[in-house]
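# Observations on the model geometry
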Amino acid sequence: MTSAASVSRETPSEPSDDAGLLDALQHQVAVFARRAEQTRLGGVGQVRNSMDRAAYLLLNRLDREGPMGVKALAAGMGIDSSTVTRQVAPLVDTGLVKRTSHPEDGRAVVLELSARGLARLEEVRSSRRELMAQVTGGWTEEERNSFTTLLTRFNGALSARAAGLPSSEGGTGGEGDTGGTDDPDPVARVAGEAAGRGAGTPS
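Residues numbered from 1 in each chain as written. Predicted model: local features only at pLDDT ≥ 70, side-chain atom pairs only at ≥ 80, totals over all residues. Heavy atoms only, no water.

Counting 21 residues, the largest nonpolar core has L59, L62, L73, L91 and V97 as its most contacted members. Mapped onto this core, the elements with two or more residues apiece are α3 (53–65), α4 (70–77), α5 (81–93), β2 (109–113) and α6 (115–135). Broken down by element, the residue count for this core peaks at six residues, all from α3. Sequence-distant contacts of L62, that is, excluding residues within four places in its chain, are made with M68, L73, V97, L111, E112 and L113. (Core = buried A, V, L, I, M, F, W, Y, C linked by side-chain atoms within 4.5 Å. Buried < 20%, exposed > 50% of the residue type's maximum accessible area, 1.4 Å probe, protein only. Helix = DSSP H or I, 4+ residues; strand = E, 2+ residues; numbered from the N terminus. Contact = heavy atoms within 4.5 Å.)

A word on the confidence of the model for the protein chain. Where the model shows low pLDDT, its predicted coordinates should not be examined in detail. Here the protein chain shows a mean pLDDT of 77. Residues at 70 or above account for 67%. Of all secondary-structure elements in the protein chain, the lowest mean pLDDT belongs to helix α8 (residues 186–196), at 43, while α5 reaches the highest, 93. In the predicted structure, residues 6–11 sits below a pLDDT of 50 and forms one contact with residues beyond four places in sequence or in another chain. (pLDDT = per-residue confidence, 0-100.)

Right, let's get into the packing of α4 against α5. A pair of packed helices can be characterised by two numbers: the angle between their axes and the separation between those axes. Running from N to C, α4 and α5 point in directions that differ by 105 degrees, and their axes come no closer than 8 Å. In terms of orientation, α4 and α5 fall into the roughly perpendicular class. Contacts between α4 and α5 involve V70, K71, L73 and A74 from the first element and S81, V84 and T85 from the second. Across the contact of α4 with α5, the residue classes tally to four nonpolar, two polar and one charged. (Axes fitted to C-alpha atoms, helices over the stretch in contact; angles between N-to-C directions. Parallel < 35°, antiparallel > 145°, perpendicular 65-115°, else oblique. Nonpolar A, V, L, I, M, F, W, Y, C, P; charged D, E, K, R; others polar.)

Let us look at the packing of aromatic side chains. Evaluation of the coordinates by the stated rule reveals one aromatic pair. Judged by centre distance (5.3 Å) and plane angle (90 degrees), the rings of W139 and F147 are edge-to-face. A relative accessible area of 42% places F147 in the partly exposed class. (Phe/Tyr/Trp six-rings, centres within 6.5 Å; stacked < 30°, edge-to-face > 60°.)

Next up on the list: the pattern of salt bridges. Under the criterion given, the structure shown has four salt bridges. Put simply, E123 and R120 hold a salt bridge, and the shortest N to O gap is 3.2 Å. Here E123 and its partner R120 are both found in helix α6, three residues apart, which amounts to about one turn of the helix. Look at E123 and you get partly exposed, because its relative accessible area is 40%. The exposure class assigned to R120 is partly exposed, which follows from its relative accessible area of 22%. (Salt bridge = Lys/Arg side-chain N within 4 Å of Asp/Glu carboxyl O.)

Okay, structure coming up:
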């Protein structure tokens, strides 16, 4: 009588369905990172690629959450204060962001989106919105919603991993989550690692 153990030793192990799915996932993430780098997802028209990712995320955060100090801004974006200081300097110099006194503590300084910064952000945001509309032109509203929800969750998991937290603590992966102390593109980084492990050469 052949024992179950001997059968197990004699039967080659086959990749599980889950392993195949994860291989497909890491491959598609690698393809996405390459496509995103090629196109920069910078919108359409005259303002295409006219604002880098760091500036866009900073302006977007200030627009959505209001004036805040460097430390609060850094904490919300998952990067260190020195990185925020370096990235915000040219935005202040060009008048897109202004430094003002804290409304409750006149000794403290906060960063605030200027009227010029808001107008510039809206211009770039509109261009990028049009790009997303074109790329997903054949999608239903439900498909767009599902993709946005899952991509947000994925970004949150990457941020949690970079911070050394369980994936379940990754939050919602908002627009400012950049995935670590000074890692502006965790998706591209992780995808690059995946591609290096044999994702193949996508067309």
